[in-house]
Amino acid sequence: MIDLAPGMAYVVRGDNSVKSIPLSSYTLSERTGLPLDAAVSAQTIYNTVPAVYRCISLRAQAVSRVPFEVEPDGKGRYKADRDEVARWIRRWLYNIEASLCQDGGAYLMFEHNKVKALGLKWLAFPTVTPVYDSAAGVRRFDRDIGAGKPQELAVEDVVHIWLPDPNVEVGPGRAPAEVALKPALTVMRANEYVEQFFERGGMNVTLLITDPATPDSDLKRLETWWKKLTRGVKRAWEAIALRKNVDVKQFGYPLDQLAMPDLKAQALREIANAFGVPEYYLSGDVANFATAKSYDLTFNADIITAEVGLIEAALNDQLLSRLGLRLTFHPERLEVFQEAELSKAEGLSKLTGETAIYSLNEARAMMELKPVPGGDWADQAAREEAARQAQAQAQAQAAQAPMPMTETPMTETPLRALLDEVRAARQDVAAAVKAVSDADPD
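Keep in mind that what you see is a predicted model, and the values were worked out from it rather than measured.

Q: I'm lost on helix 10 (residues 289–318) in this one. Help?
A: Because each turn of an α-helix spans 3.6 residues, side chains separated by three or four positions in sequence point in the same direction. Spanning 30 residues, helix 10 covers 42 Å between terminal C-alpha atoms, matching the ideal 44 Å at 1.5 Å per step. Of all the bends in helix 10, the largest measures some 30° and sits at Asn300.

What follows is the structure in structure tokens.
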């Protein structure tokens, strides 16, 4: 049990501990129990602030989805299977981008023997330290995993990818997570404040100020009661009678007066801007579907395309060139770019009289399908020319053919039938006259 000295102020912390301090030393950290800025790093906010974790995950997932090809490019120093190298790259793309966002750099160790590439190993950024030389730049890398002496790694065995920074000549640049540190701290402190508020039974940070004449027995009773009261929300409504010589002072404002939703909304906007991520990815607020598509296109065109270009250059220069291979990313094959190109093609087609803008094989390539025979522009042009020639020939033949008769000439067969009918009628008349004569002889 803590002995409470008369005439002192006591800070009751979130873990129910009571600390006696002079009022002159009463700082923001003591009032809130939150860590000082110096103790908070990019790794801290990645692990504790959901918005930061979300932004890093979004960028890493977007980079890892970009299609790429690994193709032969000359003769390399080490033998390597092209498909296997592609699998190495695909495996670590997510980690590379996540580390660039969090730390401003990423490290991979190239494992090999004298003639063959054996693998690509991921190195956590905090475990690697570049050792610089004033003349040569980076002289080596030291890897420290907390087990004995740091391991010295040769520069050619460590693939290092660093963000560019105009303030840094050699080494990792400033990471987006470092830029987002201040707004992320706002979110982290707001969350911890609410958590500690309910851990203390729904009360703000409290000072217990006692009279110098308060007996030790009363001080101990006060301490015991306070610990029981601040065990959490389940005991928040317990009541107890206080002596008049104990003054309770609470710091801060009720939760409904802190404007936390507005503060957190502003902090989320600043975090999204630091990472170059559309704000609606974090909040879900977007005007309509067309606006969301526009944000998606901008995010992939301005952020992801540039990021894969940086990764591509570093991997080609430091790794694949030694394997006789070359890496090429194809962000234009992403669905968001294909939809934009299709919309553009439809608009141009209307302006050119519904004329095709893409050949069949070009359209199939956009869908990552194999080309088909006769699907190129030259083949389509030959087919169209053959169709025009066939149409012209048909029109010429139609012009040379004789005009058809408009009346049908009378044939012999209908005339003979008519004469037979006349003869039969005459015979009928003669028979009728004879019959009358025979009936009346006079």
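Q: Explanation requested: the nonpolar core in the structure shown.
A: The nonpolar side chains of soluble globular proteins are, as a tendency, buried together. By size, the foremost hydrophobic cluster in this structure holds 63 residues, and its most contacted members are Ile89, Ile96, Ile271, Phe275, Ile311, Leu315 and Leu320. The leading source of residues in this core is helix 4 (residues 82–103), at 10 residues. Other than its neighbours up to four places away in sequence, Ile96 contacts Ala106, Leu108, Trp122, Ile161 and Ile311. Core analysis: the next-biggest nonpolar cluster, separate from the first, contains 10 residues, Leu123, Phe125, Phe141 and Val158 among them.

Q: Before we go on, may I ask you to explain the state of the cysteines in this structure?
A: Here a disulfide denotes one covalent bond, and it connects the sulfur atoms of two cysteines. Applying the stated rule across the entire model yields zero disulfides. Looking at the unpaired Cys55, the closest cysteine sulfur is the one in Cys101, lying at 8.7 Å. Residue Cys55 is classed as buried on the basis of its relative accessible area, which comes to 0%.

Q: Help me understand the packing of helix 3 (residues 50–64) against helix 4 in this model?
A: The description of two packed helices rests on the angle between their axes and on the distance between the axes. Running from N to C, helix 3 and helix 4 cross one another at 145°; their axes reach a closest spacing of 8 Å. For the pair helix 3 and helix 4, the crossing hand works out as right-handed. Each of Ile56, Ser57, Arg59, Ala60, Gln61, Val63 and Ser64 in helix 3 lies in contact with helix 4, whose residues at this interface are Arg90, Leu93, Tyr94, Glu97, Ala98, Cys101 and Gln102. Considering only residue class, the contact of helix 3 with helix 4 consists of seven nonpolar, four polar and three charged.

Q: Hey, could you run me through the pattern of salt bridges in this one?
A: A pair can form between side chains of opposite charge whenever their charged atoms are brought close. Scanning the model with the defined rule gives seven salt bridges in all. Among the salt bridges present, the one from Glu97 reaches Arg59, with a minimum N-O distance of 3.0 Å. Here the residue Glu97 occupies a position in helix 4, and Arg59 occupies one in helix 3, the gap between them amounting to 38 residues. The pair Glu97 / Arg59 is uniform in exposure class, with both members buried. In this structure, Arg140 and Glu152 form a salt bridge, with 3.7 Å as the shortest nitrogen-oxygen distance. Highlighted residues: Arg140 in strand 7 (residues 137–143) and Glu152 in strand 8 (residues 151–153), separated in sequence by 12 residues. Connected through shared salt-bridge partners, Arg59, Glu97 and Glu307 make up one network.

Q: What's the story with the sheet that holds strand 5 (residues 117–123) in this structure? I'm lost.
A: Strand pairs in the sheet, formed through backbone hydrogen bonds, run parallel or antiparallel to each other. Taken in spatial order, the three strands make up an open sheet running 5-4-9, and their pairing is antiparallel. Each of the sheet's edge strands pairs with one partner strand only, and the pair in question is strand 5 and strand 9 (158–162). Averaged over all pairs of adjacent strands, the angle between their axes in this sheet comes to 20°, without regard to strand direction. Bridge analysis of strand 4 (residues 105–112) against strand 5 gives six bridges, and the strand direction is antiparallel.

Q: I'm lost on the sheet that holds strand 7 in this one. Help?
A: Read across the open sheet, the three strands follow the order 6-7-8; overall the sheet is antiparallel. Looking at strand neighbours, the two that pair on one side only are strand 6 (128–133) and strand 8, the edges of this open sheet. Across this sheet, the average inter-strand angle for adjacent strands is 30°, counted without regard to direction. In the sheet, strand 7 pairs with strand 8 via three bridges, with the strands oriented antiparallel. Following the sheet pairing, Phe141 is matched in strand 8 by Leu153.

Q: Help me understand helix 3, please; the structure alone is not making it clear to me.
A: In this model helix 3 runs 21 Å from its N-terminal to its C-terminal C-alpha over 15 residues, within 8% of the 21 Å that 1.5 Å per residue would give. Among the 15 residues of helix 3, 11 are classified as buried, and the element is accordingly described as predominantly covered. If you check which residues of helix 3 are buried, you get Ala51, Val52, Cys55, Ile56, Ser57, Leu58, Arg59, Ala60, Ala62, Val63 and Ser64.

Q: Which parts of the structure should I look at to understand the packing of aromatic side chains?
A: Each aromatic ring pair is specified by the distance between its two centres and by the angle formed by the two planes. Within the structure shown, the criterion is met by nine aromatic pairs. With centroids separated by 5.1 Å and ring planes inclined at 35°, the aromatic side chains of Tyr46 and Tyr53 adopt a geometry described as tilted. Take Tyr53: its relative accessible area is 42%, and that puts it in the partly exposed class. Where Tyr280 meets Tyr281, the ring centres are 4.8 Å apart and the plane angle is 70°; that geometry is what we call edge-to-face. Accessibility classification places Tyr280 together with Tyr281 in one group, the buried group. What links up through ring pairs into an aromatic cluster is the set Tyr280, Tyr281, Tyr295 and Phe299.

What counts and what doesn't
- Residues numbered from 1 in each chain as written.
- Predicted model: local features only at pLDDT ≥ 70, side-chain atom pairs only at ≥ 80, totals over all residues.
- Heavy atoms only, no water.
- Helix = DSSP H or I, 4+ residues; strand = E, 2+ residues; numbered from the N terminus.
- Expected span 1.5 Å × (residues − 1).
- Bend = angle between axes of the 7 residues up to and from the residue.
- Core = buried A, V, L, I, M, F, W, Y, C linked by side-chain atoms within 4.5 Å.
- Buried < 20%, exposed > 50% of the residue type's maximum accessible area, 1.4 Å probe, protein only.
- Contact = heavy atoms within 4.5 Å.
- Disulfide = S-S within 2.5 Å.
- Axes fitted to C-alpha atoms, helices over the stretch in contact; angles between N-to-C directions.
- Left-handed = near helix turned anticlockwise from the far one by under 90°.
- Nonpolar A, V, L, I, M, F, W, Y, C, P; charged D, E, K, R; others polar.
- Salt bridge = Lys/Arg side-chain N within 4 Å of Asp/Glu carboxyl O.
- Pairing = 2+ DSSP bridges.
- Phe/Tyr/Trp six-rings, centres within 6.5 Å; stacked < 30°, edge-to-face > 60°.

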